[in-house]
Amino acid sequence: MANVTVIGAQWGDEGKGKIVDWLASRADVVVRFQGGHNAGHTLVVGDQVYKLSLLPSGIVTGTLSIIGNGVVLDPWALKAEIEKLTTQGVDINTENFALADNCPLILPLHRDLDGLRETAAGTGKIGTTGRGIGPAYEDKVGRRALRVCDLAHLDAMDAQLDRLCAHHDALRAGFGQPPVDRVALIAELREIAPFVLQFAQPVWKRLKKVRKAGARILFEGAQGVLLDVDHGTYPFVTSSNTVSGTAASGSGLGPAATGFVLGIVKAYTTRVGSGPFPTELEDEMGQRLGERGHEFGTVTGRKRRCGWFDAVLVRQSCAISGVTGIALTKLDVLDGFEKVRICTGYRLHGKVLDYFPSHSADQAAVEPIYEEIDGWVGTTAGARSWADLPAQAIKYIQRVQELIETPVALISTSPEREDTILVRDPFVD
Ligand code: GDP
Ligand code: IMO
Ligand code: MG
């Protein structure tokens with residue numbers, strides 16, 4: 001059976017949550033494989049709005065939902081999110097939710113460090129979500145992280161804590177902060193441990209079993225390719241690999257399991273946080289996109305920067321991440337624009353580029369080359385079939401897929417789950 005891997009192809013917030021929720025009814029399992037509660041996914045189902053940061057978006061349909069080892073897990077954020085969704089009527093239990101026991105933990109000291117560094121960086125700050133993501137991943141590769149399975153061994157943690165605190169106490173001292181309060185940390189972990197451990201297991205084994213039984217697996221990426229720590233706009237990136245290949249290493253399945261790679265692409269461009277953004281519109285047009293698209297961050301409430309569609313960036317993301325087809329979202333936000341622009345190339349120091357260069361100074365210096373096309377009269381909002389789309393909107397979609405050299409599989413025309421046009425079912429081979 002075919003599996004599907006959903007990834008963001010821009011700077012995040014492309015509408016991954018909506019598409020994963022829509023696809024979840026066709027899947028048997030939904031798996032998060034990277035990132036943490038820096039993600040913010042909004043799902044709209046009838047008059048209910050669900051906001052998810054850590055849980056796979058499949059949980060809302062009751063689909064088996066798994067957090068893989070590639071995720072960094074804040075145990076307190078997990079508890080809060082489960083409690084919040086429970087009050088909204090979502091049933092989360094040990095049957096429909098599992099958590100990798102080898103996930104690294106995000107601790108309060110990671111959040112502290114994230115904040116201290118950002119404050120100290122002043123105007124050079126990354127603009128992180130302040131959730132301790134970067135410091136937690138650093139500790140993972142630095143081989144001093146505490147992991148979910150450690151919560152069952154809190155009485156034998158001295159050597160691990162020595163290692164962790166030696167590192168953090170030195171950093172904290174540099175910021176004029178007191179050392180880590182080890183007693184308080186262990187007490188907090190002891191309190192949260194039973195809640196987390198009830199869901200913990202070697203999920204690779206569970207996934208192996210369901211895969212063997214023919215289950216369709218839906219991998220849910222967070223962030224986007226341009227925030228990938230290798231391929232993104234470094235250093236203005238997140239601290240994980242967000243590309244499709246991470247689905248395998250971040251869940252414990254081989255690369256063949258990733259299946260159809262569905263890149264989620266917004267019909268224009270947004271970015272939250274610092275860093276280069278060639279098609280950014282700091283004028284009324286950008287304001288209009290932000291207002292029509294309700295572009296405010298789910299996690300931090302920050303206003304998202306907005307700009308025209310950048311075909312160069314998306315073509316690059318699709319190539320790097322092996323995208324099979326895209327879901328084009330928020331097309332309705334462009335309704336009513338007289339003219340729409342698409343960036344087809346860059347000019348850098350007199351030369352024309354058909355790719356985004358690696359160096360941050362070059363990334364900041366490129367000037368977009370635009371193609372302008374007429375907007376459409378009429379509306380795409382709420383459309384559920386090609387036949388509902390104005391001819392000029394179809395022209396826009398066709399031009400996008402031509403420029404990014406990748407076909408369109410789905411189109412989303414509102415926040416609502418069912419306002420989705422299926423062009424090619426990613427679950428069908
Ligand atoms: P994610 O992080 O990729 O899951 O995206 P977010 O949920 O952070 O941001 C996408 C926002 O756009 C959410 O508020 C969605 O409800 C909304 N959205 C998703 N698809 C569409 C669409 O096709 N049209 C409109 N107008 N809004 C959409
Ligand atoms: P979803 O899954 C948009 C951005 C932050 C910052 C940079 C680093 O909702 O698409 P971090 O806290 O990860 O160290 O911050 O990455 N960022 C996102 N931007 N959507 C996200 O997730 C993001 N997760 C992180 O704004 O620029
Ligand atoms: Mg988001």
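About the criteria used
Residues numbered from 1 in each chain as written. Chains lettered and ligands numbered in written order. Predicted model: local features only at pLDDT ≥ 70, side-chain atom pairs only at ≥ 80, totals over all residues. Heavy atoms only, no water. Phe/Tyr/Trp six-rings, centres within 6.5 Å; stacked < 30°, edge-to-face > 60°. Helix = DSSP H or I, 4+ residues; strand = E, 2+ residues; numbered from the N terminus. Buried < 20%, exposed > 50% of the residue type's maximum accessible area, 1.4 Å probe, protein only. 1 Å grid on protein atoms, 1.4 Å probe; cavity = no way out; pocket = protein on both sides within 12 Å on 5 of 7 lines; lining within 4 Å. Points joined across faces, edges and corners; volume = space filled by probe spheres on them. Nonpolar A, V, L, I, M, F, W, Y, C, P; charged D, E, K, R; others polar. Donors = N, O, S within 2.8 Å, 3.2 Å for Na, K, Ca; no water. Pairing = 2+ DSSP bridges. Contact = heavy atoms within 4.5 Å. Axes fitted to C-alpha atoms, helices over the stretch in contact; angles between N-to-C directions. Arc of directions from axis to C-beta. Polar contact = N/O pair within 3.5 Å; in protein donor to acceptor, adjacent residues only side chain to side chain. Near = heavy atom within 4 Å. Areas by Shrake-Rupley, 256 points an atom, 1.4 Å probe, with all protein chains shown as cover. Sits in = over half its atoms within 2 Å of the grid points.

**A word on the packing of aromatic side chains**
On inspection of all chains with the given rule, the structure shows 7 aromatic pairs. For the ring pair Trp11 and Phe277, a centre distance of 5.2 Å and an interplane angle of 50° mean the geometry is tilted. Here Phe277 lies in the loop between strand S10 (269–271) and helix H9 (284–292) and Trp11 lies in the loop between strand S1 (4–8) and helix H1 (16–24), a separation of 266 residues in the sequence. Geometrically, the ring pair formed by Phe195 and Phe199 is edge-to-face, given 5.7 Å between the ring centres and 75° between the ring planes. The exposure class assigned to Phe195 is buried, which follows from its relative accessible area of 18%.

**Side note on the layout of surface pockets**
Computed from the structure, the largest pocket encloses a volume of approximately 740 Å³. Elements supplying a minimum of two residues to the lining of the largest pocket: helix H3 (108–121) and helix H4 (133–141). A per-class count over the lining of the largest pocket returns 14 nonpolar, 17 polar and 10 charged. Taken as a whole, the second largest pocket holds about 580 Å³ of empty space. Along its surface, the second largest pocket is lined by 26 residues, and Thr42, Gly293, Arg304, Lys330 and Pro415 are the ones closest to its centre. Mapped onto the lining of the second largest pocket, the elements with two or more residues apiece are H1 and strand S3 (41–45). Of the residues that constitute the lining of the second largest pocket, the class distribution is 4 nonpolar, 12 polar and 10 charged.

**Structural notes on the coordination of the magnesium ion (ligand 3)**
Protein ligation of the magnesium ion (ligand 3) involves Asp13 (OD) and Gly40 (O), the donor distances falling in the range 2.0 to 2.1 Å. Separated by 27 residues along the polypeptide, Asp13 in the loop between S1 and H1 and Gly40 in the loop between strand S2 (29–32) and S3 bring together distant segments of the chain. Residues Asp13 and Gly40 agree in their burial class; the two are buried.

**Looking at the sheet that holds strand S6 (residues 97–100)**
Strand order across the open sheet formed by 10 strands is S7-S6-S5-S2-S8-S1-S9-S13-S17-S18, with mixed pairing between neighbours. Of all the strands in the sheet, just strand S7 (200–201) and strand S18 (420–422) have a single pairing partner and so form its edges. In this structure, strand S13 (residues 325–329) lies alongside strand S17 (residues 408–412), joined through 3 bridges in parallel fashion. Pairing of Ile326 across the sheet is with Val408, part of S17. Strand contacts of helix H7 (residues 203–212): S2, strand S5 (64–67), S6, S7 and strand S8 (217–220), with the helix running at about 145° to S5, the strand carrying the most contacts.

**Considering H9**
Buried residues of H9: Gly286, Leu289 and Gly290, and no others. All buried residues of H9 fall inside an arc of 95° around its axis, so they share one side. Exposed residues lying more than 90 degrees from the buried face of H9 are Glu284 and Glu291. Contact partners of the buried residues in H9: strand S11 (305–307). N-capping of H9 is provided by Asp283, with a side-chain oxygen placed 3.1 Å from the backbone N of Met285. Directly beyond the C-terminal end of H9, a positive phi value near 50° is found at His294.

**Here's the deal with the site of ligand 1**
Close to ligand 1 lie 18 residues, the nearest being Lys16, Gly17, Gly40, Asp332 and Ser412. Note that an oxygen atom of ligand 1 is positioned 2.7 Å from one of the backbone N or O atoms of Lys16. Backbone polar atom of Thr413 to an oxygen atom of ligand 1: 3.4 Å apart, as the coordinates give it. In the complex, 93% of the free accessible area of ligand 1, which totals 580 Å², lies under the protein chains. Among the detected pockets, ligand 1 sits in the second largest pocket. Put simply, the parts of the chain that give the shell around ligand 1 at least two residues each are H1 and S3. It is H1 that provides the largest number of residues to the shell around ligand 1, a total of 3 residues. Taken together, the residues of the shell around ligand 1 break down into 2 nonpolar, 9 polar and 7 charged.

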